[in-house]
Amino acid sequence: MTPGFLDRSHTVAPPGWSRWLIPPAALSVHLSIGQAYAWSVFKPPLESSLGLSGTASALPFQLGIVMLGLSAAFGGTLVERNGPRWAMSVSLLCFSSGFLLAALGAALEQYWLVVFGYGFVGGIGLGIGYISPVSTLIKWFPDRPGMATGIAIMGFGGGALIASPWSAQMLESFGSDSGGIATAFLVHGVVYAAFMTLGVLLVRVPAEGWQPPGSRTPQEKQAERSLVTTADVSARNAVRTPQFWCLWVVLCMNVTAGIGILEKAAPMIGDFFADTATPVTASAAAGFVALLSLANMCGRFLWSATSDLIGRKNMYRVYLGVGALMYLAIVQLGDSSKPLFITCALVILSFYGGGFATVPAYLKDLFGTYEVGAIHGRLLTAWSTAGVLGPLIVNWVADSQESAGRSGPGLYGLSLTIMIGLLAVGFAANELVRPVNPKYHEPRAASGHGTGAAEKEGDRR
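Nothing here was measured: the structure is a model prediction, and the numbers come from that model.

Q: Hey, could you run me through helix H16 (residues 338-367) in this one?
A: Turn by turn, an α-helix covers 3.6 residues, leaving residues three or four places apart pointing in a common direction. The end-to-end C-alpha separation of H16 is 43 Å, in line with the 44 Å expected for 30 residues at 1.5 Å each. Maximum bend of H16: about 35 degrees, positioned at Thr 358, with proline Pro 360 one to four residues after it. Judged by how many residues are buried, H16 sits mostly within the fold: 23 of 30 residues are covered. In this structure Ser 337 caps H16, since a side-chain oxygen of it lies 3.2 Å from the backbone nitrogen of Leu 340. Directly beyond the C-terminal end of H16, a positive phi value near 80 degrees is found at Gly 368.

Written out as structure tokens, the structure reads:
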């Protein structure tokens, strides 16, 4: 059992508790761990102060993303069993401790400690923190699960918009040598711990049987949309269903397509217009990257909220089908018009973010709320795969095309065409999604709904 304050039974909301306090609780965690997308701010000072290569300076971030996927996959069941307050506390402890270890490593000029602290320990905080509010938000907002998860996951996409200038200002104030980097890491660890504590204190789970006033029953929703289930599926059974693996392919393909542009955005727009009358300057390319980050963040809320209106399957038809058309437009016409290139890239990145935010609600529709957080954690292994696959495709093709003597848009035509093919594969996988076979459903007495059933299930394991 967990200590009293963190125990799930002590986080049940009292009568009258506003469910609108839960999204801010989730945001306090996601805005904090979203700092990971701002790691590039620390790369140049680490390289100059510790004599690192560009590849070496990326190790903490790369390990952090790997640990995010692994900890979300293997820790999802613990998150469901122990509740959101326990999960947010573990995330706080690991994420902040990771910064403190990294600060010690920078101060002692022991880079392995920076990698271990930020990448391994902090990465566990990333994964547990990422999935910590998902199941709770869906239970509080059964009428608008896409909107609710979109608000939280929007924070992860937008965390870098806060962390990037903040980190740069600290390095300017403290210095970019190893001592200055250590101080910046230390401040990050302390401030993020305080900010994430707000989420730990605010988060609650709804009482058993709670429903928002005026909401439709699950049976009414099921009659309206055939994919919305009124049953529940355990995480163990979910990974045995074809629906889970179809969604794994869908998420992997959508993320691969988006991250392929995101990782190579600045050099890509420069290469596309290098031989035109109006080449793109370095500052303009940086502004383009900032726009993509904004599109990534906004798409997480806009498109996931839209999925509440048109359904999850239709939303992914848009992500994958329209996304393929945007890539086709870039391949065929991208170097002829900057506004067209930028618009297509922004739409693709908004779909990239929206795909992350919509998938928890899609899982809830198919598998119910019983262990949706654990199922979501397992599905995030698709993100880890895509995080390697997308940059590998774009960079490998660009390098091979450059070796063959090509330049400008010719460096990317093949890789972008591959992305179109991957999105087509994702589109086909989405079309194969059907309601889950009842043989995978949990007996009502075992799954139930609400906190009490979850506590009993946790006690049985």
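Q: Could you clarify how one ought to interpret the packing of helix H8 (residues 145-174) against H16 in this entry?
A: Geometry of a packed helix pair, given as the angle between the helix axes and the separation of the axes. Their axes nearest at 8 Å, the elements H8 and H16 cross at an angle of 140 degrees. Overall, the two elements H8 and H16 adopt an arrangement that is oblique. Here the hand of the crossing between H8 and H16 comes out right-handed. Contact with H8, carried on its side by Pro 145, Gly 146, Thr 149, Gly 150 and Ile 153, involves Phe 356, Ala 357, Pro 360 and Ala 361 of H16 and no other residues of that element. Classifying every residue of the contact of H8 with H16 by side-chain character gives 6 nonpolar, 3 polar and no charged.

Q: Got a minute to help me understand a nonpolar patch on the surface in this structure?
A: On the surface, a cluster of nonpolar side chains totalling about 320 Å² of accessible area is made up of Val 66, Leu 70 and Phe 74. Turning to its location among the elements, Val 66 is positioned in helix H4 (residues 59-82). Val 66 sits in the partly exposed class, given a relative accessible area of 41%.

Q: Is there a simple way to explain the pattern of salt bridges in this structure?
A: In a structure, side chains of opposite charge can pair up when their charged atoms sit close to one another. Under the counting rule described, the total for this entry stands at 6 salt bridges. A salt bridge links Asp 143 to Arg 144, with the shortest nitrogen-to-oxygen separation between them at 3.9 Å. Residue Asp 143 is classed as partly exposed on the basis of its relative accessible area, which comes to 23%. Here Glu 431 makes a salt bridge to Arg 317, at a shortest N to O gap of 2.7 Å. A residue pair is termed long-range when its members are at least 10 positions apart, and Glu 431 in helix H19 (residues 413-431) and Arg 317 in helix H15 (residues 312-333) qualify at 114 residues. Because the salt bridges share partners, they merge into one network encompassing Arg 19, Asp 143 and Arg 144.

Q: Would you take a moment to explain unusual backbone geometry for this structure?
A: Excluding glycine, most residues fall at negative phi; most peptide bonds, likewise, are trans. Despite not being glycine, Glu 109 shows a phi value in the positive range, around 60 degrees. Structurally, Glu 109 can be placed in the loop between helix H5 (84-108) and helix H6 (111-131).

Q: How do you make sense of the side chain of Glu 442 when you look at a structure like this?
A: Relative to the helices and strands, Glu 442 is located in the loop between H19 and helix H20 (444-447). Taking the relative accessible area as the measure of exposure, Glu 442 reaches 18% and is therefore buried. Separated by 3.5 Å, the side chains of Glu 442 and Ser 234 make a polar contact.

Q: Honestly, the environment of Tyr 130 in this entry has me stumped. Any pointers?
A: Within the secondary structure, Tyr 130 is located in helix H6. Linking Tyr 130 and Met 196, residues 66 residues apart in sequence, is a C-alpha distance of 12 Å. Excluding anything up to four places from it in sequence, Tyr 130 contacts His 30, Ile 33, Ile 153, Phe 156, Arg 300, Phe 356, His 376, Leu 380 and Trp 383.

Q: Any chance you could explain the nonpolar core here in plain terms?
A: Across soluble globular proteins, nonpolar side chains have a tendency to be buried as a group. Among the nonpolar cores identified, the biggest contains 119 residues, and Tyr 130, Phe 185, Ile 261, Phe 367 and Trp 383 are the most heavily contacted of them. The dominant element in this core, judged by the number of residues it contributes, is H16, at 14 residues. If you look at the next biggest cluster of nonpolar residues, it comprises 11 residues, including Trp 140, Phe 141, Ala 148 and Ile 151.

Q: Looking at this structure, how should I read the packing of aromatic side chains?
A: Given two aromatic rings, one states the distance between the centres and the angle between the planes to describe the pair. Scanning the model with the defined rule gives 29 aromatic pairs in all. Measuring from centroid to centroid gives 5.3 Å for Tyr 130 and Trp 383, while their planes differ by 55 degrees, and the two rings are tilted. Taken together, the residues span a long stretch of sequence, with Tyr 130 in helix H6 and Trp 383 in helix H18 (residues 381-403) at a distance of 253 residues. For Trp 383, a relative accessible area of 3% gives the class buried. With a centroid separation of 6.0 Å and 20 degrees between ring planes, the pair formed by Phe 272 and Tyr 412 is classed as stacked. Taken as a pair, Phe 272 in helix H13 (residues 265-272) and Tyr 412 in the loop between H18 and H19 lie far apart in primary sequence, 140 residues in all. Overall, the relative accessible area of 1% leaves Tyr 412 in the buried class. What links up through ring pairs into an aromatic cluster is the set Trp 39, Phe 42, Phe 95, Phe 99, Tyr 118, Trp 166, Phe 185 and Tyr 192. Here the basic side chain of Arg 204 rests over the ring of Trp 17, its NZ or CZ set 4.3 Å away from the ring centre. Positioned above the aromatic ring of Phe 273 is the side chain of Lys 338, whose terminal nitrogen or guanidinium carbon lies 5.8 Å from the ring centre.

Thresholds applied
- Residues numbered from 1 in each chain as written.
- Predicted model: local features only at pLDDT ≥ 70, side-chain atom pairs only at ≥ 80, totals over all residues.
- Heavy atoms only, no water.
- Helix = DSSP H or I, 4+ residues; strand = E, 2+ residues; numbered from the N terminus.
- Expected span 1.5 Å × (residues − 1).
- Bend = angle between axes of the 7 residues up to and from the residue.
- Buried < 20%, exposed > 50% of the residue type's maximum accessible area, 1.4 Å probe, protein only.
- Polar contact = N/O pair within 3.5 Å; in protein donor to acceptor, adjacent residues only side chain to side chain.
- Axes fitted to C-alpha atoms, helices over the stretch in contact; angles between N-to-C directions.
- Parallel < 35°, antiparallel > 145°, perpendicular 65-115°, else oblique.
- Left-handed = near helix turned anticlockwise from the far one by under 90°.
- Contact = heavy atoms within 4.5 Å.
- Nonpolar A, V, L, I, M, F, W, Y, C, P; charged D, E, K, R; others polar.
- Patch = residues over 30% accessible without salt bridge, like charges linked within 9 Å, V, L, I, M, F, W, Y side chains within 5 Å.
- Areas by Shrake-Rupley, 256 points an atom, 1.4 Å probe, with all protein chains shown as cover.
- Salt bridge = Lys/Arg side-chain N within 4 Å of Asp/Glu carboxyl O.
- Core = buried A, V, L, I, M, F, W, Y, C linked by side-chain atoms within 4.5 Å.
- Phe/Tyr/Trp six-rings, centres within 6.5 Å; stacked < 30°, edge-to-face > 60°.
- Lys NZ or Arg CZ within 6 Å of the ring centre and 35° of its normal.

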